[in-house]
Amino acid sequence: IDSHQSTDGPLFLYLAHQAVHYPDEVPSEYLSKYKDYKNWTGKRKMYAAMLTAVDESVKNVTLALKDKGMWNDTIIIATTDNGGPTAVCMVQGSSNGYRRGGKCTVWEGGTTGDAFLSGPAVESLYDMESEVYTDLFHAVDWLPTLATMTGSTPEGKPLDGVSHQERLQGKSQSSPPREELFVGYAQFNNMWYGPAVRWRSWKLLQGKSGGPESRTHFPKGSPAPASGGIWNATYSLFNLDSDPEERHDVSRDYPMIVDIMRKKLALYQESYVPPIQPTDPSCPYNGIENTTEFGPTYIPWCDGALEI
């Protein structure tokens, strides 16, 4: 920010904090702010303290933008890549609210994250009012949305995402910018769950479970990612408008919806590329490394990577 000049054009700043991700640690001055919260668990206090440190970091960025005279033209986006790990996957003091499940599942608590779009330019330049945006939005939609907001034209391959700018501005459209998305798979304890797909208010889950919801019971999945959309698989259907907690399987009541969405899964399967397994001999993964300076840490593990 300090080195940016107005003649350089717009500034895009991407800031990805390690917090509030595992490992759970924070300087003591942040943790002490929550010592009197008697009804909170230690994990909840630690999570809040890490988030407080992140808040302070964001504050420092906003102050730097103000000092540089750039604040009034700024858009801020805060988002996440998954829900909180509330049952498995290095459990923290996070909460996914009413959403079922958490990280390492294809339940909504694991795949849906909250975000906010803010900053002075949101209202002054784009005429967006404060509201809760309820349309389906995928992470890949941020790029085309920001591109249209800033008058940019992305180069390279065609984009997977769609722009939501007009919808965010409250302009009337015959249909939402996005009506479906491939939720994909989740993996935990050598078991795969899913795939799942969203279409309008519906969510179709292939398999008998979306993943573990407790620290002691791990539902059976498949040893490898299941082929999506096969006709003889088990499917569960949820209407997220009326059942946001995914508690009522209505697949028997809406067989036509199941068939439509099953075919969508089969279509995604045609271009599906399986993930590289941790057992890939060209890139063996040894887990968390106990580094000299930082203790237990995730570091690059492919051939040629060195401790930093």
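Use the structure listed above.
Residues numbered from 1 in each chain as written. Predicted model: local features only at pLDDT ≥ 70, side-chain atom pairs only at ≥ 80, totals over all residues. Heavy atoms only, no water.

> A description of the sheet that holds strand E6 (residues 235-239) should follow, citing residues and the corresponding values.
Strand order in the open sheet formed by four strands is E3-E4-E5-E6, and the pairing between neighbours is antiparallel. Unpaired on one side and paired on the other, strand E3 (180-188) and E6 mark the two borders of the sheet. Neighbour-to-neighbour, the strand axes of this sheet turn through a mean angle of 20°, independent of strand direction. Bridge analysis of strand E4 (residues 191-199) against strand E5 (residues 202-206) gives four bridges, and the strand direction is antiparallel. Bridge pairing links arginine 198 to lysine 203 in E5. Against the sheet, helix H7 (residues 255-269) contacts E3, E4, E5 and E6, and its axis sits at roughly 115° relative to E4. (Pairing = 2+ DSSP bridges. Helix = DSSP H or I, 4+ residues; strand = E, 2+ residues; numbered from the N terminus. Axes fitted to C-alpha atoms, helices over the stretch in contact; angles between N-to-C directions. Contact = heavy atoms within 4.5 Å.)

> Pulling in residues and values, what's your account of helix H2 (residues 42-67)?
The end-to-end C-alpha distance of H2, which contains 26 residues, comes to 38 Å, matching closely the 38 Å that a straight helix rising 1.5 Å per residue would cover. Restricting attention to buried positions, one finds in H2 the residues Lys45, Met46, Tyr47, Ala48, Ala49, Met50, Thr52, Val54, Thr62 and Leu65. (Expected span 1.5 Å × (residues − 1). Buried < 20%, exposed > 50% of the residue type's maximum accessible area, 1.4 Å probe, protein only.)

> Let's hear about the packing of aromatic side chains: which residues, and what values?
A full pass over the atoms with the stated rule returns twelve aromatic pairs. For the ring pair tyrosine 185 and tryptophan 192, a centre distance of 6.3 Å and an interplane angle of 85° mean the geometry is edge-to-face. Neither tyrosine 185 nor tryptophan 192 differs from the other in exposure class; each is buried. Ring pairing ties together the aromatic residues Phe182, Tyr185, Trp192, Tyr268 and Tyr272, which thus form one cluster. (Phe/Tyr/Trp six-rings, centres within 6.5 Å; stacked < 30°, edge-to-face > 60°.)

> Give a description of the layout of surface pockets that names residues and reports values.
Within this model, the second largest pocket holds a volume of roughly 260 Å³. In this structure, the second largest pocket is lined by 13 residues; those nearest its centre are Gly207, Lys208, Gly221, Ser222 and Ala226. The greatest single-element share of the lining of the second largest pocket, amounting to three residues, is contributed by E4. The class makeup of the residues in the lining of the second largest pocket is four nonpolar, seven polar and two charged. (1 Å grid on protein atoms, 1.4 Å probe; cavity = no way out; pocket = protein on both sides within 12 Å on 5 of 7 lines; lining within 4 Å. Points joined across faces, edges and corners; volume = space filled by probe spheres on them. Nonpolar A, V, L, I, M, F, W, Y, C, P; charged D, E, K, R; others polar.)

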